[in-house]
Amino acid sequence: MAIPFLKSLFPTKSFLGVDIGTTTIKIVELKRSQGLPELLNYGLLESYGHLERINNAIQTSTLKLADRETTEFLKILLKYGGFKSREAVASIPAFASFTAMMELPLMSEKETSQAMQFQAKQYIPLPVSSVTIDWIKVDERLDQKGNAFQKILLVSVPNEQIQKYKTIFDGAGLNLTTLEIEGLSSARSITNRSDKTSLIVDIGARSTGISVARNGLLKFSGQTDFAGGSLTQTLATGLNIRARRAEDLKKQRGLKGIGGEYELSTLMLPILDVIINEVRRVRDDYERGYTDKIQQVILSGGGANLLGVGEYFQGELGLPTMKAGPFSQVSYSSEIEPLISDLSSEFPVAIGLAMRGFQ
Ligand SMILES: Nc1ncnc2c1ncn2[C@@H]1O[C@H](COP(=O)(O)OP(=O)(O)OP(=O)(O)O)[C@@H](O)[C@H]1O
Ligand SMILES: [Mg+2]
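About the cut-offs
Residues numbered from 1 in each chain as written. Chains lettered and ligands numbered in written order. Predicted model: local features only at pLDDT ≥ 70, side-chain atom pairs only at ≥ 80, totals over all residues. Heavy atoms only, no water. Helix = DSSP H or I, 4+ residues; strand = E, 2+ residues; numbered from the N terminus. Rg over C-alpha atoms; globule rule 2.2 N^0.38 Å. Buried < 20%, exposed > 50% of the residue type's maximum accessible area, 1.4 Å probe, protein only. Expected span 1.5 Å × (residues − 1). Bend = angle between axes of the 7 residues up to and from the residue. Salt bridge = Lys/Arg side-chain N within 4 Å of Asp/Glu carboxyl O. Core = buried A, V, L, I, M, F, W, Y, C linked by side-chain atoms within 4.5 Å. Contact = heavy atoms within 4.5 Å. Phe/Tyr/Trp six-rings, centres within 6.5 Å; stacked < 30°, edge-to-face > 60°. Lys NZ or Arg CZ within 6 Å of the ring centre and 35° of its normal. Pairing = 2+ DSSP bridges. Axes fitted to C-alpha atoms, helices over the stretch in contact; angles between N-to-C directions. Parallel < 35°, antiparallel > 145°, perpendicular 65-115°, else oblique. Nonpolar A, V, L, I, M, F, W, Y, C, P; charged D, E, K, R; others polar.

Regarding its fold elements, the protein chain presents 11 helices and 15 strands. Over its C-alpha atoms the protein chain spans a radius of gyration of 20 Å, differing by no more than 12% from the 21 Å that the globule rule assigns to 359 residues. When its C-alpha atoms are laid out on the principal axes, the protein chain stretches across 60 × 50 × 45 Å. Among the 359 residues that make up the protein chain, the fraction classed as buried is 52%.

Below is the structure:
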């Protein structure tokens, strides 16, 4: 699946997984190895520029790093991080793509492909000529009469977005071999070899991606624009403080802290409730359309580090809730063992992308 607009012809030894988030760029370099892929290197660069803009931000889209800035950041990370490979796999955020779930009679891959070209038009809100379409079969079922059906996840990405990524990667001297939506990447690194149906909630800065995944494969996805940036914004407004200070308070004290006469949770819980309601909607939609039930919730993204967030999700959703553990998919030096727990939430997408390089 994904958007393989360029496929490298020669097997490469190591790959970069590059996750360009709204406020943070994460890169991991994985090397092919006999057992688990070997983690050669990783790096993260966070920009605080958006926090200066956040106070006037009407739409969170103003949080976005500009393309030129992104290229410069990438170059800095590559240079100082000592990454060796120039082969990169990158992700498209959920909010920059469009996904739809559809059901078709079961048929050959070739026939499905032809049917999709036709069907896609009805589902995509943009002219078909302006988007790149891809699809993935996520399930099969028999109806009561014994007819076989397949569930298809349709993904479309505006060509403009793809061009934008090519420009950014060209500018940074990287060979962009594959682009995929980030839900696929985190499904791969978080649920590989787990046959529990999991709901992955990726709380980023600008948006929260919600995916259902099992055995490393994405089954269903949703998204909301309420995320870490909204939490910072609500603290800044509620406590009448600058965004940068609100960001620090949020990171240091989380749901357990106090700011002025307020408990921070009083301000932040309403935002988390909006996210949780969207998670419930995705769970209900999934369980209506599939035969299995969601068994657990896995939190990822920087927002998963908010103190107390796991307990709150677990209480509200009534499902076992844990933090993502993508490093279990790679082998790494014992020197970084003490850091793993802190890095786990931030790296699922980048690790899943680099893993994709070997598939
Ligand atoms: N310890 C922490 N407690 C609370 N929030 C945190 C913590 N660490 C990071 N965050 C928040 O996580 C968010 C950044 O997460 P992440 O790096 O996953 O986002 P991103 O990938 O840049 O954004 P997006 O996925 O929306 O494009 C920010 O809102 C940041 O404030
Ligand atoms: Mg992200």
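Take helix H8 (residues 264-289) next. Taking 1.5 Å per residue as the helical rise, H8 with its 26 residues ought to reach 38 Å, and the 38 Å between its terminal C-alpha atoms agrees with that figure. At Pro270, H8 is bent by approximately 25°, the largest bend along its length.

What follows deals with the pattern of salt bridges. Under the defined criterion, the tally for this structure stands at 16 salt bridges. The partner of Glu247 in a salt bridge is Lys250, and the shortest N-O contact between them spans 3.7 Å. Note that Glu247 and Lys250 are positioned in helix H7 (residues 243-253) at a spacing of three residues, about one turn of the helix. The residues Glu247 and Lys250 share a single accessibility class, namely buried. For Glu247, the salt bridge goes to Lys251, with nearest N and O atoms at 3.4 Å.

Positive phi values are uncommon outside glycine, yet Arg193 reaches one of about 60°. In this structure, Arg193 sits in the loop between helix H5 (182-191) and strand E9 (198-203). Among the residues examined, Arg193 registers a relative accessible area of 58% and is labelled exposed. Within the chain, Asn240 stands out as a residue other than glycine whose phi angle is a positive 55°. Note that Asn240 resides in the loop between helix H6 (228-239) and H7.

Another point: the nonpolar core. One finds Val18, Ile27, Leu74, Phe169, Leu272 and Phe313 to be the most contacted residues of the largest nonpolar core, which totals 70 residues. For Phe313, the contacting residues outside a window of four places in its chain are Val201, Ile203, Leu272, Ile275, Ile276, Val279, Leu299, Gly318 and Thr321. Ranked by size, the runner-up nonpolar core spans 13 residues in total, among them Leu30, Val330, Ile336 and Ile351.

In this section: the packing of aromatic side chains. Taken as a whole and assessed by the stated rule, the structure comprises seven aromatic pairs. An aromatic cluster is built from Tyr42, Phe327, Tyr332 and Phe347, whose rings are joined through pairwise contacts. A cation over an aromatic ring shows up here: Lys151 above the ring of Tyr290, its NZ or CZ 5.1 Å from the ring centre. The side chain of Arg206 reaches across the aromatic face of Phe95, ending 3.7 Å from its centre.

Its place among the elements puts Leu231 in helix H6. Note on Leu231: relative accessible area 3%, which makes it buried. C-alpha separation for the pair Leu231 and Ala246, spaced 15 residues apart in sequence, amounts to 8.8 Å. Excluding anything up to four places from it in sequence, Leu231 contacts Lys250, Met268, Ile271, Leu272 and Leu306.

In this section: the pairing of E9. Taken across its six residues, E9 has six buried, putting it largely inside the fold. Neither face of E9 is left uncovered, since the one carrying Ser198, Ile200 and Asp202 and the one carrying Leu199, Val201 and Ile203 both have all their residues buried. Pairing geometry for E9 and strand E10 (residues 208-214), over six bridges, is antiparallel. Directly across from Asp202, in E10, lies its bridge partner Gly209. Where E9 hands over to E10, the hairpin turn is made up of four residues, counted between the paired strands. Of the strand pairs in this sheet, E9 and strand E14 (residues 296-300) are connected by five bridges, and their pairing is parallel. Each residue of the ladder has a partner; that of Val201, found in E14, is Leu299.

With respect to topology, five strands assemble into an open sheet ordered E3-E2-E1-E4-E8, the strand pairing being mixed. Pairing within the sheet leaves two strands with one partner each, and these edge strands are strand E3 (38-46) and strand E8 (175-181). Between one strand axis and the next, the sheet turns by 20° as a mean value, whatever way the strands run. Packed onto the sheet, helix H4 (residues 159-171) meets strand E1 (14-20), strand E4 (87-92) and E8 and runs at close to 145° relative to E8. In the packing of H5 onto the sheet, contacts are made with E1, E4 and E8, and the angle to E8 comes to roughly 90°.

Below, the discussion takes up the packing of H5 against helix H11 (residues 348-356). Interhelical geometry of H5 versus H11 gives an angle of 85° and a closest axis separation of 7 Å. One element, H5, and the other, H11, form an angle in the roughly perpendicular class. Each of Glu182, Ser185, Ser186, Arg188, Ser189 and Ile190 in H5 lies in contact with H11, whose residues at this interface are Pro348, Val349, Ile351, Gly352, Leu353, Met355 and Arg356. Of the residues contributing to the contact of H5 with H11, the split by class is six nonpolar, four polar and three charged.

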